[in-house]
Amino acid sequence: MKSVRTAFALIAFSLAAADAAAGQDLVITDAWTTPSLTENATGAVFLTVTNNTDKSVSITGGSSPLADRVELHSMRTTHDGMMSMDRLLQAEVPAMSRLQFKPNDLHVMLIGIKHKLKAGDTLPLTLQLARQSSISTQVEVRPLAAKLQTEDTEEAQEEAAEETPAPKSHLRKKH
Ligand SMILES: [Cu+2]
């Protein structure tokens, strides 16, 4: 009888672990970055924030013991086809929804990384929320190939076009 109860407890525990994102009010999952290319580099962190509450939540900034500063950034393509990065003062995670930070889009920027990150390393990251609360995670450093795989085809084509000189009009975005 005792062993049956233990088995039930184990099943309950593993379900809870697998469903962590669904069980907590606010949780960060799948946080990753790429290796640093130089000392004191900047780096973009990608992650998903899931909000299981019925109120929207604002992320207002972040911190990591391994970086001088942490900022929220967004990337966009300007009218002349250049990529531009903007600092955001906050990012909203709607009620019962999730917000994805992903390559060439919203990201968490590490500025002044204190030691070169290599694939397999992890670094702690805390995101600051409005009303003095915060959520933390461990960011996994993945090989550069992980980022290249997630970049969209259009981006890859633009890069190829830049390598082989093309008429400038080809790089411009149509209105
Ligand atoms: Cu950035």
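Please refer to the structure higher up on the page.
Residues numbered from 1 in each chain as written. Predicted model: local features only at pLDDT ≥ 70, side-chain atom pairs only at ≥ 80, totals over all residues.

**Student:** For this particular structure, what's the right way to read the overall build of the protein chain?
**Tutor:** Helix and strand counts for the protein chain come out as four helices and 10 strands. Secondary structure of the protein chain in N-to-C order comes out as α-α-β-β-β-β-β-β-β-β-β-β-α-α. In the protein chain, buried positions account for 16% of the 175 residues. For the protein chain, long-range pairs separated by at least 24 residues make up 67% of all intrachain contacts whose partners lie at least 6 apart in sequence. (Helix = DSSP H or I, 4+ residues; strand = E, 2+ residues; numbered from the N terminus. Buried ≥ 20, exposed ≤ 12 C-beta atoms within 10 Å, placed from the backbone. Contact = placed C-beta atoms within 7 Å.)

**Student:** Teacher, can you tell me more about the environment of G62 here?
**Tutor:** Among the structural elements, G62 can be located in strand β3 (residues 57-63). The spacing of G62 and L127 is 65 residues in sequence and 4.1 Å in space, taken between C-alpha atoms. G62 has contacts with V70, V108, L125, T126, L127 and Q128, leaving out every residue within four places of it along the chain.

**Student:** Just to check I follow, could you spell out the pairing of strand β2 (residues 43-51) for this structure?
**Tutor:** Looking down a regular strand, the side chains alternate between one sheet face and the other. The buried count for β2 comes to seven of nine residues, which makes it a mostly enclosed element. Inspection of the sheet shows β2 paired to strand β8 (residues 107-113) by three bridges, in the antiparallel sense. Within β8, the residue paired with G43 across the bridge is L110. Bridging between β2 and strand β7 (residues 97-101) involves five bridges; their strand directions are antiparallel. Bridging from a neighbouring strand, N51 pairs with S97 of β7. (Pairing = 2+ DSSP bridges.)

**Student:** Is there a simple way to explain the nonpolar core in this structure?
**Tutor:** Counting 22 residues, the largest nonpolar core has A31, V45, L47, V108 and L125 as its most contacted members. At the level of elements, β1 (26-33), β2, β3, β4 (67-77), β8 and β9 (122-129) are the ones that each hand at least two residues to this core. (Core = buried A, V, L, I, M, F, W, Y, C linked by C-beta atoms within 7 Å.)

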